[in-house]
Amino acid sequence: MAGRRKSYDIKAVVQYSRMQDYSSYQPSELGTFSISEDGDFINCNKAKIPTLLDYKLPLNLNEGYKGTEGKDKARETIFPQWEKGLKWIHGSKEGYGSVSSVDIIASRGILKDIGYTNHNQYNNPWKFEACKFKGKVYLRKVDEEEDENEWCIQNSYWGRKFEEYVIQQETGTKATYRMLKGTIGKKTVLLSAEVDAISSDGKYMEIKTCFANKIGVKVPQAWWQSYLGKVDTLYYGLKTKQGMVYDKPTEISMTNALTKYVKKDTANEMIGFTGDVLDWLYGALPDKDETWILEYTGGRQIFLRSTGEKFLPNWYLQFIEGKKEEELVKQVEALTLSHPVN
């Protein structure tokens, strides 16, 4: 029944620093998948990860910018990534063999927002959809229009444009993701995490842009996001307010980021808070194919309410209900993300 509501009371931040040491999170990589330029799923454990390009400065991040026209295009990947993550689970031997021990299935970006709640100076709200079915909690982003001004839209475009300049995607590939399994709190999580690039010496890179005078503010959240995704190095293009990059990008190893920009207590607080929220969420959700909204609007509470709607696509339900593998393969191959198989 829609309208049911539960809440989580946020504790004093210092309490979370004692719940879990950040270093105990050591995720293992189960495999990778890619998304083609046409939005198709490519399940391959040896998927081509983008590499860094040689390029000449300065870089003009405004090239090709068309204002708000590019916004919907950027939002197209919210649900495709979610359903393709499910497709990886049953299509990959590693995923199929490991999912029985998993409690939480989500994207890295969702846990990034949850974990950074107590350290976001602007108290930015977040909202996700959740469901627990057969002992596993699924989390996904809410597909709704974000209220962004022109400046935010332009900065988002600059970030994507910088990536275009500095990385080389495999022909026909739009993005590549790693599937990672680790322990946060008392729960085993399975995360899909986009890989921006890999360096010539095999280090995973997180590509970002930042104003030079804001890097100390931006690194802590980027560190947390990258730590969840088992990234080695933050790679920053230092932009001007005019959208130009004149200087060589700044590279910050995860170790140096922790030493210079992120306190150990802060790192422990972020993972401790994330784990406590996930533990609470796991216990609060009924085991039923039902959509619940998990939402933070500011203040000291997180709310959970039911919409009464179904959550999981039919093809995935048929998979976990034990459909024959030959039948499943045919359904998965025929899958279109906008119209799930009935």
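Residues numbered from 1 in each chain as written. Predicted model: local features only at pLDDT ≥ 70, side-chain atom pairs only at ≥ 80, totals over all residues. Heavy atoms only, no water.

## Examining the overall build of the protein chain
The number of helices and strands found in the protein chain is 11 helices and 18 strands. Within the protein chain, buried positions represent 53% of all 342 residues. Within the protein chain, contacts between residues separated by at least 24 positions form 75% of all contacts whose residues are at least 6 apart in sequence. Summed over its atoms, the accessible surface of the protein chain is roughly 16,700 Å², and 47% of this surface lies on carbon and sulfur atoms. (Helix = DSSP H or I, 4+ residues; strand = E, 2+ residues; numbered from the N terminus. Buried < 20%, exposed > 50% of the residue type's maximum accessible area, 1.4 Å probe, protein only. Contact = heavy atoms within 4.5 Å. Areas by Shrake-Rupley, 256 points an atom, 1.4 Å probe, with all protein chains shown as cover.)

## Considerations on the pattern of salt bridges
As enumerated under the stated definition, the model contains 14 salt bridges in all. With a closest N to O distance of 2.6 Å, Asp-276 and Lys-11 form a salt bridge. Highlighted residues: Asp-276 in helix α9 (residues 264-284) and Lys-11 in the loop between β1 (5-9) and α1 (13-16), separated in sequence by 265 residues. What makes Asp-276 buried here is its relative accessible area of 17%. (Salt bridge = Lys/Arg side-chain N within 4 Å of Asp/Glu carboxyl O.)

## Some remarks on empty space enclosed by the protein
Tallied over the entire structure, the rule returns 1 cavity of 30 Å³ or more. Put simply, the largest cavity is a space of about 40 Å³. Lining the largest cavity are Arg-108, Arg-178, Ala-193, Glu-194, Val-195, Asp-196, Tyr-204, Met-205, Glu-206, Gly-229 and Val-231. Partitioned by chemical class, the residues of the lining of the largest cavity number 5 nonpolar, 1 polar and 5 charged. (1 Å grid on protein atoms, 1.4 Å probe; cavity = no way out; pocket = protein on both sides within 12 Å on 5 of 7 lines; lining within 4 Å. Points joined across faces, edges and corners; volume = space filled by probe spheres on them. Nonpolar A, V, L, I, M, F, W, Y, C, P; charged D, E, K, R; others polar.)

## Considering the pairing of strand β14 (residues 233-239)
Most of β14 sits out of view: 7 of its 7 residues are buried. Relative to β14, strand β13 (residues 204-211) runs parallel, the two sharing 7 bridges. If you follow Cys-210 over to β14, its bridge partner there is Leu-238. For the crossover that starts at β13, traverses helix α7 (residues 215-228) and ends in the parallel β14, the hand is right-handed. Looking at chain direction, β14 and strand β16 (residues 250-253) are connected through 4 bridges and run antiparallel. Looking across to β16, one finds that Leu-234 is bridged to Ile-252. (Pairing = 2+ DSSP bridges. Right-handed = clockwise from strand over helix to strand, strands pointing away.)

## Considering the pairing of strand β8 (residues 136-141)
Of all 6 residues that make up β8, 5 are buried, and the element is covered over most of its length. Two elements, strand β6 (residues 104-107) and β8, share 2 bridges in a ladder whose sense is parallel. By the bridge assignment for β8, Ile-104 is matched with Val-137. Here strand β7 (residues 126-133) pairs with β8 via 5 bridges, running antiparallel.

## Let's talk about the sheet that holds β6
A sheet is described by the order of its strands in space; here 10 strands give the open sequence β1-β18-β17-β7-β8-β6-β11-β10-β2-β3, paired in mixed fashion. Taken across any chain shown, the strands that pair with only one partner, and hence form the sheet edges, are β1 and β3 (41-43). Ignoring strand direction, the axes of neighbouring strands in this sheet form an average angle of 25 degrees. Most of the contacts of α9 go to β1, to which it runs at about 155 degrees, and overall it touches β1, β6, β7, β8, β10 (173-184), β11 (187-195), β17 (288-296) and β18 (301-306). (Axes fitted to C-alpha atoms, helices over the stretch in contact; angles between N-to-C directions.)

## Digging into the side chain of Ser-17
With respect to the element layout, Ser-17 can be found in the loop between α1 and β2 (28-36). Assessed through its relative accessible area of 15%, Ser-17 is described here as buried. Apart from the residues within four sequence positions on either side, Ser-17 is in contact with Asp-265, Asn-268 and Glu-269.

## Some details on the environment of Met-270
Take Met-270: it is sitting in helix α9. Looking at Met-270, the relative accessible area reads 0%, which means it is buried. Each C-alpha atom of the pair Met-270 and Gly-115 lies 4.7 Å from the other, and the pair is 155 residues apart in sequence. With residues up to four places along the chain from it excluded, the contact list for Met-270 reads Gly-115, Tyr-116, His-119, Pro-220, Trp-223, Trp-224 and Val-262.

## Let's talk about unusual backbone geometry
For the peptide bond that leads from Leu-57 to Pro-58, omega is 0 degrees, which places it in the cis range. Secondary-structure assignment places Pro-58 in the loop between β4 (51-52) and β5 (59-60). Residues other than glycine seldom take positive phi values, yet Asn-123 does so here, at roughly 50 degrees. As for its placement among the helices and strands, Asn-123 is situated in the loop between α5 (108-115) and β7. Exposure remark for Asn-123: the relative accessible area of 41% places this residue in the partly exposed category.

## Points about helix α6 (residues 150-166)
The end-to-end C-alpha distance of α6 is 25 Å, a good match for the 24 Å that 17 residues give at a rise of 1.5 Å each. Along α6, the positions that sit buried rather than exposed are Ile-153, Gln-154, Asn-155, Tyr-157, Trp-158, Lys-161, Phe-162, Tyr-165 and Val-166. With a side-chain oxygen positioned 3.1 Å from the backbone nitrogen of Trp-151, the residue opening α6 is Asn-149. (Expected span 1.5 Å × (residues − 1). Polar contact = N/O pair within 3.5 Å; in protein donor to acceptor, adjacent residues only side chain to side chain.)

## Some details on the packing of aromatic side chains
Tallying each qualifying case throughout the model produces 18 aromatic pairs. Between Tyr-8 and Phe-273 the ring centres are 6.3 Å apart and the planes differ by 75 degrees, which places this aromatic pair in the edge-to-face class. Of this pair, Tyr-8 sits in strand β1 while Phe-273 is found in helix α9, placing the two residues 265 residues apart along the sequence. Across this residue pair, the class does not change: Tyr-8 and Phe-273 are buried. Judged by centre distance (5.4 Å) and plane angle (35 degrees), the rings of Phe-33 and Phe-41 are tilted. (Phe/Tyr/Trp six-rings, centres within 6.5 Å; stacked < 30°, edge-to-face > 60°.)

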